[in-house]
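Residue-level listing of the chains:
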Amino acid sequence: MNFQVTVLKILVSYPDGFAVMAELKRDMAILATSGRDWAERTKRLAARVPALDIFSQGLVERLNGGWRITEKGRAVLEFMEARPAEMRTESPVAAAEPLASAQASSLLAARRSGRSQRLQRRRAARERARAKAC
C-alpha cells in the first residue's frame, strides 16, 4: 500500500479535506487490511507520479492535530486517477509535474464539478452511517 496516495485519497473524502490524526489512522487501518486490491490500486496511482512527496510538494498541510489536502493535492490526485485517454501524452518525467501545466489544470477543473458531487454524496452517506453507529 502506498502511504502517500492513501493519505490523499482519505483526505479528499472528508469535508474541507481535513481529518484529525485519529480519523486518518482509523481509515488507514481499514484500507491496509482491506486486501490486495487497495495495495495494487495505490501502486498504480503512485506510478503515475513517481516523485510524489505530499509534504514537500505542498499537497498536504499539517493543521491543529490533523492534516488537510490542498488544492494542489486535489489536482495531483485527480491527475493520478485520470483515465489513460484523458491523460496528456508526455513522458513520465513530465507527468510528475502536472501542476505546472495549464492544460492539465483545465482538464482537472472540467472534471471537478462532477467529482465534487460524487464526493458530497459519499460524505453524506458516511455521516449517516456514523450517526447510525452512535
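Refer to the preceding data block for the structure.
Residues numbered from 1 in each chain as written. Predicted model: local features only at pLDDT ≥ 70, side-chain atom pairs only at ≥ 80, totals over all residues. Heavy atoms only, no water.

(A) How the structure looks around the overall build of the protein chain. Scanning the protein chain for helices and strands turns up six helices and three strands. Going from N to C terminus, the protein chain has its helices and strands arranged as α-β-α-α-β-β-α-α-α. When contacts within the protein chain are restricted to residue pairs at least 6 apart in sequence, those whose partners lie at least 24 apart make up 69%. On the protein chain, roughly 8,000 Å² of surface is accessible, and the fraction owed to carbon and sulfur atoms is 55%. (Helix = DSSP H or I, 4+ residues; strand = E, 2+ residues; numbered from the N terminus. Contact = heavy atoms within 4.5 Å. Areas by Shrake-Rupley, 256 points an atom, 1.4 Å probe, with all protein chains shown as cover.)

(B) Looking closely at a positive patch on the surface. Positive charge collects at one region of the surface, where R83, R118, R121 and R122 lie side by side. A relative accessible area of 46% means that R122 is categorised as partly exposed. (Patch = residues over 30% accessible without salt bridge, like charges linked within 9 Å, V, L, I, M, F, W, Y side chains within 5 Å. Salt bridge = Lys/Arg side-chain N within 4 Å of Asp/Glu carboxyl O. Lys, Arg positive; Asp, Glu negative; His and termini not counted. Charge placed at Lys NZ, Arg CZ, Asp CG, Glu CD. Buried < 20%, exposed > 50% of the residue type's maximum accessible area, 1.4 Å probe, protein only.)

(C) Expanded view of the pairing of strand β3 (residues 66–69). In the sheet, strand β1 (residues 18–20) pairs with β3 via three bridges, with the strands oriented antiparallel. Along β3, the bridge assignment pairs A19 with W67. Note: strand β2 (residues 60–63) against β3, four bridges, orientation antiparallel. Within the sheet, the bridge partner assigned to R62 lies in β3 and is W67. Between β2 and β3, which pair antiparallel one after the other, the connecting turn spans two residues, and N64 there sits at a positive phi close to 35°. (Pairing = 2+ DSSP bridges.)

(D) Focus on helix α2 (residues 21–32). Taking 1.5 Å per residue, twelve residues should reach 16 Å; α2 reaches 16 Å between its end C-alpha atoms and fits that length. All of the buried residues along α2 are L24, D27 and M28. The arc that holds the buried residues of α2, viewed along the axis, is 105°, so those residues lie on one side. Relative to its buried face, α2 has exposed residues pointing more than 90 degrees away, namely A22, K25 and I30. Check the buried side of α2 and you find it contacts α1 (3–12), β1 and β3. (Expected span 1.5 Å × (residues − 1). Arc of directions from axis to C-beta.)

(E) Region of the structure containing the pattern of salt bridges. In total, this model carries six salt bridges according to the counting rule given. Between R26 and D27 there is a salt bridge; the shortest N-O distance is 3.2 Å. We note a salt bridge from R68 to E61, for which the minimum N-O separation is 2.7 Å. Judged by relative accessible area, which is 31%, R68 ranks as partly exposed. Here the salt bridges share partners, and the residues they tie into one network are K9, R41 and E81.

It is worth stressing that arrangement in space is one thing and function is another; only the former is reported here.
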